[in-house]
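Fold and geometry: a report
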Amino acid sequence: ATPAATMVGTTIGAQNGVLFKGGDVLERAKDVDTVVFDKTGTLTKGKMSLTDVVAFGDDASALADGGERTDGSRASSDARSDGGAVATHERAATDEDELLRLAAAAESGSEHPLARAIVDGAEERGIDVPDATGFENVPGHGVRATVEGDEVLVGNRKLLRDNDIDPSPATETMERLETEGKTAMLVGRKRGSERSENRGAGGGTSRAGELLGVVADADTVKESAKEAVAALRERGTEVMMLTGDNERTARAVAESVGIDPENVRAEVLPADKSDAVEAIQRDGSRAMMVGDGVNDAPALAVAYVGCAIGSGTDVAIEAADVTLMRDDPLDVVKAVRVSEGTLQKIK
Ligand code: ADP
Ligand code: MG
């Protein structure tokens, strides 16, 4: 394009809250044939709220585990001198408030939107949340912390499994909540506070764990998300979604915005998001990755066009080729149209 055309495009972009990092990006955006949206904070508002608390509350769900992992391998700290499993059929939390109290305590050290919603939800219910120590974040899986002498875990199935707690009794509850598009999290507990000295490389211990229940958070889809997806598809663009969230929740959200289930890439760990974009581009596709989080920066960097949206983090903005000033998915369509020269200057 001529310098003059670049000037015009840059100006029209800026008038629409679409900032291009240079003329070559402005040129490239029109050649995008695939748009990959991050889910949380991009297609959804990223403001979670607590929606469900399901306490299992009887010993049918208090699972003993002798250290045998679901994958058949032995837990790393089997050879404990004090006999391993202590709590086999402890009574689990008997009510919702107790479950939420423990979950909120464990999550109080986390900045994750899922965690904030749990802590806020507990406070709204007037629950006195105890302090936790030894907080540990397990990226893409959940958290664990010591609460009142016990280790409390909040997270996905893998987190619980890795800690020798069988999540399968919660399957029905989890699937029901996920089908509603909610992010359901398991809450588990291991009695006793001696976890740190017994934790092996795999992170698990051989003490008995109990499954206490499930909590769920829901996010709201942005008003214009569906329209943006429709406009892109109308243009012939493949629209995909990438998320760390589980498959079922991801598909429910995808369906509500008009993204095909086969175009959903779910349960992608933060560190694997850029690989996922590279995989999408392997067949020669030119992808625009749209994201807002710290997690998304590497994926934005490898995409043909990286696009940071809204109140995105500085890291995301830095890694991006295009920054959308507003929090509006329709501005993704505008970015493409500015590049195509089909968006007119505001007079
Ligand atoms: P997203 O891509 O939606 O930002 P993440 O990669 O941060 O998701 O997390 C993936 C999954 O890991 C979540 O859906 C949740 O099941 C679990 N998880 C992550 N952080 C937490 C947390 N603080 N508490 C409970 N679960 C969590
Ligand atoms: Mg995210």
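All of these numbers come straight from a predicted model, not from anything done at the bench.

Considering the environment of Ala55
Tracing the backbone shows Ala55 in strand 3 (residues 49–55). The class of Ala55 is buried, set by 20 C-beta atoms lying within 10 Å. Put simply, Ala55 and Asp260 are 205 residues apart on the chain and 34 Å apart in space, counted from C-alpha to C-alpha.

Considerations on helix 4 (residues 96–107)
Between its terminal C-alpha atoms helix 4 stretches 16 Å, which fits the 16 Å expected from 12 residues at 1.5 Å a residue. Here helix 4 lies mainly inside the structure; 9 of its 12 residues are buried. Of the residues making up helix 4, those classed as buried are Leu99, Leu100, Arg101, Leu102, Ala103, Ala104, Ala105, Ala106 and Glu107.

Quick notes on the domain arrangement of the protein
Domain boundaries assigned for the protein yield domain 1 (3–46 + 221–340) and domain 2 (49–218). Each partner contributes residues to the interface: domain 1 has 12 residues there, and domain 2 has 11 residues. Considering every element that reaches the side of domain 1 that touches domain 2, the biggest residue donor is helix 10 (residues 247–257), with 5 residues.

Some details on the sheet that holds strand 13 (residues 322–324)
Pairing is mixed across the open sheet formed by 7 strands, whose spatial order is 1-13-12-11-2-9-10. For this open sheet the edge positions go to strand 1 (18–20) and strand 10 (264–265), each flanked by a neighbour on one side alone. Across 3 bridges, strand 1 lies against strand 13 in antiparallel orientation. The partner of Val18 across the bridge, within strand 13, is Leu324.

Some words on the environment of His141
Relative to the helices and strands, His141 is located in the loop between strand 4 (132–138) and strand 5 (142–147). What makes His141 buried here is the crowd of 20 C-beta atoms within 10 Å. Taking the C-alpha atoms as reference, His141 lies 8.1 Å from Arg157; in sequence the two are 16 residues apart. Among all residues touching His141, those that are not within four sequence positions of it are Gly155, Asn156, Lys158 and Leu159.

Focus on the site of ligand 1
Lining the immediate surroundings of ligand 1 are 21 residues, of which Thr40, His112, Gly142, Asn156 and Gly244 lie closest. Residue assignment for the shell around ligand 1 shows that the elements contributing at least two residues are helix 3 (39–43), helix 5 (113–124), strand 5, strand 6 (150–155) and strand 7 (183–190). A per-class count over the shell around ligand 1 returns 6 nonpolar, 12 polar and 3 charged. Taken domain by domain, the shell around ligand 1 gets at least three of its residues from each of domain 1 (3–46 + 221–340) and domain 2 (49–218).

What to know about the pairing of strand 4
Bridge analysis of strand 4 against strand 5 gives 5 bridges, and the strand direction is antiparallel. Within strand 5, the residue paired with Val138 across the bridge is Gly142.

Observations regarding unusual backbone geometry
With phi around 50 degrees, Glu148 is a residue other than glycine that occupies positive phi space. With respect to the helices, strands and loops of the structure, Glu148 is situated in the loop between strand 5 and strand 6. Glu148 gets classed as partly exposed once you count the C-beta atoms within 10 Å, which come to 14. Look at Asp164: it is not a glycine, yet its phi comes out positive at around 60 degrees. Note on Asp164: 27 C-beta atoms within 10 Å, which makes it buried.

Brief notes about the packing of helix 7 (residues 171–179) against helix 10
Between helix 7 and helix 10, the least distance of the axes is 8 Å, while the angle of their chain directions is 20 degrees. Accordingly, the angle class assigned to the pair helix 7 and helix 10 is roughly parallel. Considering the relative orientation of helix 7 and helix 10, their crossing is right-handed. Contacts between helix 7 and helix 10 involve Glu175, Glu178 and Thr179 from the first element and Arg248, Thr249 and Ala252 from the second. Within the contact of helix 7 with helix 10, the residues separate by chemical class into 1 nonpolar, 2 polar and 3 charged.

A look at the environment of Pro298
Position of Pro298 relative to the elements: it lies in helix 12 (residues 297–302). A sequence separation of 23 residues divides Pro298 from Asp275, and the C-alpha atoms of the two residues are 9.0 Å apart. Those residues in contact with Pro298, other than ones at most four positions away along the chain, are Lys273 and Ser274.

About the thresholds
- Residues numbered from 1 in each chain as written.
- Chains lettered and ligands numbered in written order.
- Predicted model: local features only at pLDDT ≥ 70, side-chain atom pairs only at ≥ 80, totals over all residues.
- Helix = DSSP H or I, 4+ residues; strand = E, 2+ residues; numbered from the N terminus.
- Buried ≥ 20, exposed ≤ 12 C-beta atoms within 10 Å, placed from the backbone.
- Expected span 1.5 Å × (residues − 1).
- Domains from an automatic or database assignment.
- Contact = placed C-beta atoms within 7 Å.
- Pairing = 2+ DSSP bridges.
- Near = placed C-beta within 6 Å.
- Nonpolar A, V, L, I, M, F, W, Y, C, P; charged D, E, K, R; others polar.
- Axes fitted to C-alpha atoms, helices over the stretch in contact; angles between N-to-C directions.
- Parallel < 35°, antiparallel > 145°, perpendicular 65-115°, else oblique.
- Left-handed = near helix turned anticlockwise from the far one by under 90°.

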